[in-house]
Amino acid sequence: MSKILVTGGTGYIGSHTVVELHHAGYTPIIIDNLSNSNLQILDQIEKIIGVKPEFHQFDLCDEAKVLEFVKNNTDIQGIIHFAASKAVGESVEKPLKYYRNNMFSLINLLQAYQGKKIDFVFSSSCTVYGEPDVLPVTEAAPVKKATSPYGNTKQIAEEILAETAEANANYQVIALRYFNPVGAHESALIGELPLGVPQNLLPFITQTAIGKREKLTVFGGDYDTVDGSCVRDYIHVVDLAKAHVAAIRLLEKGNPNGKYDVFNIGTGKGYSVLEAIAAFEKASGQKLNYSVGPRREGDVVQVWGDVNKSASGLGWQASLGIDDMMSSAWAWEKYLSENPIG
Ligand code: UD1
């Protein structure tokens, strides 16, 4: 059974990917510094898959620890690298934290595996497209100047990975550009665990519905979109997790498209914020307290992905729709209210 290193494996997308790797017959091994996750997630994963994944707690910015791990774990076949800081607003206030965490960890990992054969899957983001000129946006669209240090770390990481794959005969890399990950595992045992006040739409919606937040503000109702609110391509986190398994499989066979490749991971369909709220209300049976407020600075107006390349190249496509995204996010929020984590 191939061992796959999952950095950030106790995080939101990481934990779901650990589950899907196990179901696909891989042995996931987690490294996480728990800076934005919780040790209890390992127990939750065990409840789903019946085994507790191997876990190493350390910070990937610690080069000595990374080298030691690599020395002691010579049978890792692939790496899925999630571990990173991800709050757009915080990155504007603390750019160096973002460049340090997101770049040092990546460089330490790549350096430690130099000379070894490794398949590497990177979590990138549709944020690299900025405000796209053409919708749906394809992987060939230009990478726009990043509007936040967070976004810039994703762009720089993609460049580092492309150049490193080119320069090292044994490296193969796939960067997955996620659209907006939402939802939770069907068991409601794992899901998104935002630190403090959520910045992202879905946890804010579910926390408002459960009574943790008083009211949701829709950021802007006067955009030139279907109903004036921003449009995003929401993707169920379990579908997203499966895309990582598909990427590992493609790298195992050898990607005919080359040593470095990128794929959009979305559904290919856009929903406005107001449509997402309506879908939540329908799926949960809850009336949401919300009002339309001013625009949020830096928001992209609308973006959704062209997912043809991931369908043909990865053999992957999303199978869960907006109803599943909303009902699973709601089930998770209700589970958390009775079984707090952290
Ligand atoms: C942003 C980043 C994305 C990053 C993600 C992680 C950009 C362009 N995108 O996604 O790369 O991975 O954050 O945090 O930088 N909204 C409300 N009210 C709220 C919260 C959100 O109306 O209280 C709206 C936003 O205006 C947006 C949509 O909901 O239209 C989704 O917002 P959010 O979940 O924050 O994700 P993005 O901004 O799309």
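For the structure, see preceding data.
### A word on the environment of isoleucine 13
Part 1 of the argument: By secondary structure assignment, the location of isoleucine 13 is in helix 1 (residues 12-23).
Part 2 of the argument: Isoleucine 13 sits in the buried class, given a relative accessible area of 14%.
Part 3 of the argument: Sequence spacing of isoleucine 13 and valine 238 is 225 residues, and the spatial spacing of their C-alpha atoms is 8.2 Å.
Part 4 of the argument: Beyond its immediate chain neighbours, meaning those up to four positions away, isoleucine 13 contacts Phe82, Tyr178, Pro181, Val237, Leu240 and His244.

### Here's the deal with unusual backbone geometry
Part 1 of the argument: The omega torsion across leucine 135 and proline 136 is -5°, close enough to zero to call that bond cis.
Part 2 of the argument: By secondary structure assignment, the location of proline 136 is in the loop between strand 5 (118-125) and helix 6 (149-167).
Part 3 of the argument: The phi dihedral of leucine 34 is positive, around 60°, even though this residue is not glycine.
Part 4 of the argument: Among the secondary structure elements, leucine 34 is positioned in the loop between strand 2 (27-32) and helix 2 (40-49).
Part 5 of the argument: Even without a glycine there, the phi angle at alanine 188 is positive, about 60°.
Part 6 of the argument: Along the chain, alanine 188 turns up in the loop between strand 7 (180-182) and helix 7 (201-210).

### Description of the layout of surface pockets
Part 1 of the argument: There is about 310 Å³ of room inside the second largest pocket.
Part 2 of the argument: Put simply, the parts of the chain that give the lining of the second largest pocket at least two residues each are helix 7 and helix 11 (322-338).
Part 3 of the argument: Of all the elements, helix 11 adds the most residues to the lining of the second largest pocket, at four residues.
Part 4 of the argument: Taken together, the residues that form the lining of the second largest pocket break down as eight nonpolar, eight polar and four charged.

### A word on the nonpolar core
Part 1 of the argument: By size, the foremost hydrophobic cluster in this structure holds 43 residues, and its most contacted members are Ile45, Ile174, Leu176, Ile265 and Leu314.
Part 2 of the argument: Taken together, the elements giving at least two residues each to this core come down to strand 1 (3-7), helix 1, helix 2, strand 6 (171-178), helix 8 (237-253), strand 11 (260-265) and helix 11.
Part 3 of the argument: Counting residues per element, this core draws most heavily on helix 8, at ten residues.
Part 4 of the argument: Ignoring any residue separated from it by four or fewer positions in sequence, one finds leucine 314 in contact with Ile174, Leu176, Ala243, Ala246, Ala247, Leu250, Phe263, Ile265 and Lys309.
Part 5 of the argument: Counting residues in hydrophobic clusters, the runner-up holds 27 residues, among them Ile31, Leu106, Leu161 and Tyr171.

### Quick word on the side chain of serine 2
Part 1 of the argument: Mapped onto the fold, serine 2 is located in the segment before strand 1.
Part 2 of the argument: A distance of 3.3 Å separates polar atoms of two side chains, one belonging to serine 2 and the other to glutamine 77.
Part 3 of the argument: Residues in contact with serine 2, not counting those within four places in the same chain, are Tyr26, Thr27, Gln77 and Glu252.

### Some points on empty space enclosed by the protein
Part 1 of the argument: As enumerated under the stated definition, the model contains two cavities of 30 Å³ or more in all.
Part 2 of the argument: In this model, the largest cavity occupies a volume close to 80 Å³.
Part 3 of the argument: Put simply, the parts of the chain that give the lining of the largest cavity at least two residues each are helix 7 and helix 11.
Part 4 of the argument: Split by residue class, the lining of the largest cavity holds six nonpolar, two polar and two charged.
Part 5 of the argument: What lines the second largest cavity is His81, Phe82, Ala83, Ala84, Asn102, Leu106, Phe122, Thr153 and Lys154.
Part 6 of the argument: Of all the secondary-structure elements, those providing two or more residues to the lining of the second largest cavity are helix 5 (95-112) and helix 6.
Part 7 of the argument: Residue composition of the lining of the second largest cavity, by class: five nonpolar, three polar and one charged.

### Here's the deal with the sheet that holds strand 1
Part 1 of the argument: The strand order across the open sheet formed by seven strands is 3-2-1-4-5-6-11, and the pairing between neighbours is parallel. Two strands lie at the open edges of the sheet, namely strand 3 (54-57) and strand 11, each paired on one side alone. The mean angle between the axes of side-by-side strands here comes to 20°, regardless of whether they run parallel or antiparallel.
Part 2 of the argument: Taken together, the four bridges between strand 2 and strand 3 define a ladder with parallel strand orientation. Bridging from a neighbouring strand, isoleucine 30 pairs with phenylalanine 55 of strand 3.
Part 3 of the argument: Helix 5 contacts strand 1, strand 4 (76-81), strand 5 and strand 6 of the sheet and is inclined by roughly 170° relative to strand 4.
Part 4 of the argument: Those strands touched by helix 6 are strand 5, strand 6 and strand 11, and its axis lies near 155° from that of strand 5.

### Some thoughts on the pairing of strand 6
Regular strands place side chains that alternate from one sheet face to the opposite one.
Part 1 of the argument: In terms of burial, strand 6 is a largely internal element, eight of the eight residues being buried.
Part 2 of the argument: Across the two faces of strand 6 the burial is the same, with Tyr171, Val173, Ala175 and Arg177 and Gln172, Ile174, Leu176 and Tyr178 all buried.
Part 3 of the argument: Alignment of strand 5 against strand 6, held across eight bridges, turns out to be parallel. Paired with isoleucine 118 across the bridge in strand 6 is tyrosine 171.
Part 4 of the argument: Tracing the backbone out of strand 5, into helix 6 and back to the parallel element strand 6 gives a crossover that is right-handed.
Part 5 of the argument: Taken together, the six bridges between strand 6 and strand 11 define a ladder with parallel strand orientation. What sits directly across from valine 173, in strand 11, is tyrosine 260.

Each value, and the rule that gives it
- Residues numbered from 1 in each chain as written.
- Predicted model: local features only at pLDDT ≥ 70, side-chain atom pairs only at ≥ 80, totals over all residues.
- Heavy atoms only, no water.
- Helix = DSSP H or I, 4+ residues; strand = E, 2+ residues; numbered from the N terminus.
- Buried < 20%, exposed > 50% of the residue type's maximum accessible area, 1.4 Å probe, protein only.
- Contact = heavy atoms within 4.5 Å.
- 1 Å grid on protein atoms, 1.4 Å probe; cavity = no way out; pocket = protein on both sides within 12 Å on 5 of 7 lines; lining within 4 Å.
- Points joined across faces, edges and corners; volume = space filled by probe spheres on them.
- Nonpolar A, V, L, I, M, F, W, Y, C, P; charged D, E, K, R; others polar.
- Core = buried A, V, L, I, M, F, W, Y, C linked by side-chain atoms within 4.5 Å.
- Polar contact = N/O pair within 3.5 Å; in protein donor to acceptor, adjacent residues only side chain to side chain.
- Pairing = 2+ DSSP bridges.
- Axes fitted to C-alpha atoms, helices over the stretch in contact; angles between N-to-C directions.
- Right-handed = clockwise from strand over helix to strand, strands pointing away.

Remember that the coordinates give geometry; whether it matters functionally is a separate question.
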